[in-house]
Amino acid sequence: MSPAPILPPSLQLLALAVLVSFLAWVVRLLRTHRLSVRDSLAWLLTTLAAIAATAFPSLLVGVAQLVGIHVPSNAVFAAGLVYVAVNTLSLTISGSSTAAATRRLTQECALLRAEVARLSARVERRGPDEP
Amino acid sequence: MKALVVIPAYNEAAALPGLLAALRRDAPGVDACVVDDGSRDGTAEVAARAGVEVLRLAVNLGIGGAVQAGYLLARRRGADAAVQLDGDGQHDPAELEALLAPLRRGEADLVVGSRFLRGGGFRSSPGRRAGIRYLSWFLRLRCGVRVTDPTSGYRAAGRAAIELFADAYPSDYPEPESIALAHRAGLRVLEVAVTMRPRSHGASSIDLPRTLYYLARVSLALLFLPARSRPGRSVEVSP
């Protein structure tokens, strides 16, 4: 007699379906250039890890036992928190680099604007160009 | 010596004409540039009418980004010195020469105007003074640099400091951190005495929670100073 499965098969299938369609969504975003490879990396890796843990729950139980978590469901919650934290941090990182880029672009724009104003003032002093 | 006065201004249309007139009177022949940090009160137009150069930031970047735009202009113009002067009337243009003198003599790379080196003038509330004393102590502890007024935004940067700040300038609450960055880059930081005035218009937005938040943010920034910029990372390509 085999022991009762860790995860009811129906629940396992549902979770896998959700995760795989999520993965497919990320891949689709990547392929349509709505998500950059760099920004997708954290999502891809963490989602693949979640799929592995859902497909082979014994993996998660093993890890839980290794670190001394007695109730496997607590390991799931902990892993879920890490999943969210990793992706939030990677989001914040890309936000910071966007802010740095915006800053430099805004400054560059202001310098160019001043330069254009200077040049057009000079052109106007010289009078209109000959036809 | 070619000096450029950088005046960061956010909604300072009311204070600017007086300041720019004083600047023309007290420091004739010095180029000035107003950095309009996305104001909505016509700051840029007021400055342009007064005949100074205007850098208009399309997006409000905050004091750090605005001041850095001025350093970028100074670098592009090949200025020997860039002087930061607040647009709200706290800094007296008559003291510009005192800030520039050490640069002229080659005694310093960054000159900070301190309101605490001599008596008188606007010295801020006791709570804020305590905060400044703490920052000054923390800067000395962290970097070994002695500065009595690390929050002062009245300062003159020589060529080496212009070069440094054009590439790396903190974005929020930049004053104490930029001193640390300059000192760590091997620049000589010197203080000279200046007299500060209360703001000519508007209220300074500083209460106790904000002051504590400010101190925490600056302490954190000083604790984790950014990694030294890698050589060759930000190369200017434009002429």
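Since the structure is predicted, the reported quantities are computational estimates derived from the model, not experimental observations.

Q: Where do I start with the interface of chain B and chain A in this structure?
A: Where interface size is quoted, it is often the accessible area lost as the parts come together. Taken together, the 15 residues of chain B in the interface contact nine residues of chain A. Sorting the residues of the side of chain B that touches chain A by element identifies strand S3 (53-56) and helix H3 (62-77) of chain B as the ones contributing at least two each. Split into classes, the residues belonging to the side of chain B that touches chain A amount to nine nonpolar, three polar and three charged.

Q: How do you make sense of the sheet that holds strand S4 (residues 81-84) of chain B when you look at a structure like this?
A: The strands making up a sheet associate through backbone hydrogen bonding, with each pair oriented either parallel or antiparallel. Residues and elements named next belong to chain B. Across the sheet, which stays open at both edges, the seven strands sit in the order S3-S2-S1-S4-S6-S5-S7 with mixed pairing between neighbours. At either margin of the open sheet sits one strand with a lone partner, and together these are S3 and strand S7 (189-193). Strand-to-strand twist of the sheet, defined as the mean angle between neighbouring strand axes without regard to direction, takes the value 20°. In terms of strand pairing, strand S2 (residues 31-36) meets S3 through four bridges, oriented parallel. If you follow Val34 over to S3, its bridge partner there is Val54.

Q: Can you help me understand H3(B) in this one?
A: The periodicity of an α-helix, 3.6 residues per turn, causes residues three or four places apart in sequence to face the same way. Residue and element names in this part refer to chain B. In this model, H3 (16 residues) spans 23 Å end to end at C-alpha, consistent with the 22 Å of a helix rising 1.5 Å per residue. Counting buried residues in H3 gives 12 out of 16 residues, a clear majority hidden from the surface. A positive backbone phi angle near 70° is found at Gly78, which sits one or two residues after H3.

Q: Honestly, unusual backbone geometry in this entry has me stumped. Any pointers?
A: Working note: non-glycine residues mostly have negative phi, and peptide bonds are mostly trans. Residue and element names in this part refer to chain B. Backbone geometry places Asn11, a non-glycine residue, at a positive phi of 50°. Along the chain, Asn11 turns up in the loop between strand S1 (3-9) and helix H1 (16-26). The exposure class of Asn11 is partly exposed, given the 19 C-beta atoms found within 10 Å. For Tyr173, which is not glycine, the phi torsion reads 45° and is therefore positive. Examined against the element boundaries, Tyr173 turns out to sit in the loop between helix H6 (159-167) and helix H7 (174-184).

Conventions and cut-offs
Sequence order as written defines residue numbering, which begins from 1 separately in each chain. To label them, take the chains in the order written and letter them from A, then take the ligands in the order written and number them from 1. Local features in this predicted model are restricted to residues of pLDDT 70 or higher, and side-chain atom pairs are both shown and tallied only at a pLDDT of 80 or more, whereas totals for entire chains, interfaces and linings draw on every residue. In this description, any two residues whose backbone-derived C-beta atoms lie within 7 Å of each other are considered to be in contact. Numbering goes from the N terminus for both helices and strands, where a helix is a DSSP run of H or I of at least four residues and a strand is a run of E of at least two. Gly counts as polar in this scheme, as do all residues outside two lists: the nonpolar Ala, Val, Leu, Ile, Met, Phe, Trp, Tyr, Cys and Pro, and the charged Asp, Glu, Lys and Arg. Any two strands are treated as partners once DSSP identifies two or more bridges connecting them. The axes are straight lines fitted to the C-alpha atoms, using for helices just the contacting stretch, and the angles between their N-to-C directions are given from 0 to 180°. Multiplying 1.5 Å by the helix residue count minus one yields the expected span of that helix. Counting other C-beta atoms within 10 Å of a residue's own tells you its class, since 20 or more makes it buried, 12 or fewer makes it exposed, and anything in between is partly exposed; those C-beta atoms are placed from the backbone.

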